[in-house]
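Listed below are the residues making up each chain.
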Amino acid sequence: MTEQNPFEAMMKMGQDWAKAMNPALESFTPKGFEALFPTMPKDVMETFMGKGISPDGLDAKTRLLLTLAALTVLGGQAEAQIRMTVRHLVEAGSTKQEIAETIAQMGMFGGVPAMTKTMELANEVLEKDGDA
C-alpha cells in the first residue's frame with residue numbers, strides 16, 4: 001500500500017476540478033489564483049460591500065482596510081487574498097500611505113514577520129499596478 005501525501009492529493013483534486021471547469025486552467029496553481037478574479041469597479045464594491053448594504057455603516061474602502069488588517073494578523077499566509085485586497089483598495093480610492101499604515105499597525109498584533117510579509121505582497125501589487 002502506497003502512502004500518498006494528503007496535501008498533494010488535495011492539490012491534484014483541485015487542479016483536476018479546475019481543468020474540468022475550464023480546460024484553459026490546465027496549469028492552474030494557487031500562486032496565480034487571484035489573477036482569475038478581476039478587480040471590481042469602485043461603484044460595484046460600494047454597492048455590495050459598502051454603503052449599499054448599510055447606508056449608515058462603513059464604506060467599501062474602510063471594510064477593505066479592515067480586511068487587509070485581518071489578513072495581516074493571520075501572518076501574511078493568505079497571499080492571493082492579500083494581493084486581491086490591495087488591488088481592490090487601490091480601486092476603492094485608498095492611498096499607498098493608508099495601505100502601509102494599516103499593515104504597519106497590525107505588526108503590533110500579528111508580529112513583525114507577518115507585517116513584513118504583507119508589506120512585501122502589497123508592494124508587489126502597488127509596483128505592478130502603479131502607485132496608489
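These remarks concern the structure in this document. (Residues numbered from 1 in each chain as written. Predicted model: local features only at pLDDT ≥ 70, side-chain atom pairs only at ≥ 80, totals over all residues. Heavy atoms only, no water.)

1. Considering the nonpolar core
Alright, step 1. Among the nonpolar cores identified, the biggest contains 18 residues, and Leu68, Ile82, Val86, Leu89, Ile99 and Ile103 are the most heavily contacted of them.
Alright, step 2. Going through the elements one at a time, helix 3 (60–73), helix 4 (79–91), helix 5 (96–110) and helix 6 (112–129) are the ones with two or more residues in this core.
Alright, step 3. If we skip the residues at most four places from it in the chain, Leu68 touches Ile82, Thr85, Val86, Leu89, Ile99, Thr102, Ile103 and Thr118. (Core = buried A, V, L, I, M, F, W, Y, C linked by side-chain atoms within 4.5 Å. Buried < 20%, exposed > 50% of the residue type's maximum accessible area, 1.4 Å probe, protein only. Helix = DSSP H or I, 4+ residues; strand = E, 2+ residues; numbered from the N terminus. Contact = heavy atoms within 4.5 Å.)

2. Thoughts on the environment of Gly93
Alright, step 1. Secondary-structure assignment places Gly93 in the loop between helix 4 and helix 5.
Alright, step 2. Placed 33 residues apart in sequence, Gly93 and Ala60 show a C-alpha to C-alpha distance of 9.7 Å.
Alright, step 3. Contact partners of Gly93, with chain neighbours within four places excluded, come to Lys61 and Glu98.

3. Comments concerning a nonpolar patch on the surface
Alright, step 1. Among the surface-exposed residues, Val73, Met108 and Phe109 lie close enough to one another that they form a single nonpolar patch of about 340 Å² accessible area.
Alright, step 2. With respect to the helices and strands, Met108 occurs in helix 5.
Alright, step 3. Judged by relative accessible area, which is 63%, Met108 ranks as exposed. (Patch = residues over 30% accessible without salt bridge, like charges linked within 9 Å, V, L, I, M, F, W, Y side chains within 5 Å. Areas by Shrake-Rupley, 256 points an atom, 1.4 Å probe, with all protein chains shown as cover. Salt bridge = Lys/Arg side-chain N within 4 Å of Asp/Glu carboxyl O.)

4. A short note on helix 3
An α-helix turns once every 3.6 residues. As a result, residues three or four positions apart point the same way.
Alright, step 1. In this model, helix 3 (14 residues) spans 20 Å end to end at C-alpha, consistent with the 20 Å of a helix rising 1.5 Å per residue.
Alright, step 2. What helix 3 keeps buried is the set Ala60, Leu64, Leu65, Leu68, Ala69, Leu71 and Thr72.
Alright, step 3. Two residues or fewer past helix 3, Gly75 is found with a positive phi of approximately 100°. (Expected span 1.5 Å × (residues − 1).)

5. Here we look at the packing of helix 3 against helix 4
The relative placement of two packed helices comes down to the angle between their axes together with the axis-to-axis distance.
Alright, step 1. Where helix 3 meets helix 4, the closest approach of the two axes is 10 Å, and the angle between their N-to-C directions is 155°. In terms of their interaxial angle, helix 3 and helix 4 are classed as roughly antiparallel. The element helix 3 and its partner helix 4 pack so that their crossing is left-handed. For the pair helix 3 and helix 4, contact is made by Lys61, Leu64, Leu65, Thr67, Leu68 and Leu71 and by Gln81, Ile82, Thr85, Val86, His88 and Leu89, respectively.
Alright, step 2. Each residue belonging to the contact of helix 3 with helix 4 can be placed in one class, and the counts come to seven nonpolar, four polar and one charged. (Axes fitted to C-alpha atoms, helices over the stretch in contact; angles between N-to-C directions. Parallel < 35°, antiparallel > 145°, perpendicular 65-115°, else oblique. Left-handed = near helix turned anticlockwise from the far one by under 90°. Nonpolar A, V, L, I, M, F, W, Y, C, P; charged D, E, K, R; others polar.)

6. Focus on the side chain of Thr102
Alright, step 1. In this fold, Thr102 is placed in helix 5.
Alright, step 2. Residue Thr102 is classed as buried on the basis of its relative accessible area, which comes to 14%.
Alright, step 3. From its side chain, Thr102 meets the backbone oxygen of Glu98 in a polar contact 2.9 Å long.
Alright, step 4. In contact with Thr102, other than residues within four places in its own chain, are Leu65, Leu68 and Ala69. (Polar contact = N/O pair within 3.5 Å; in protein donor to acceptor, adjacent residues only side chain to side chain.)

7. Points about the pattern of salt bridges
Alright, step 1. For the structure shown, the criterion picks out four salt bridges.
Alright, step 2. As a salt-bridge pair, Arg83 and Glu124 come within 3.9 Å of each other at their nearest N and O atoms. Of this pair, Arg83 sits in helix 4 while Glu124 sits in helix 6, and the two are 41 residues apart along the sequence.
Alright, step 3. For Glu124, a relative accessible area of 43% puts it in the partly exposed group.

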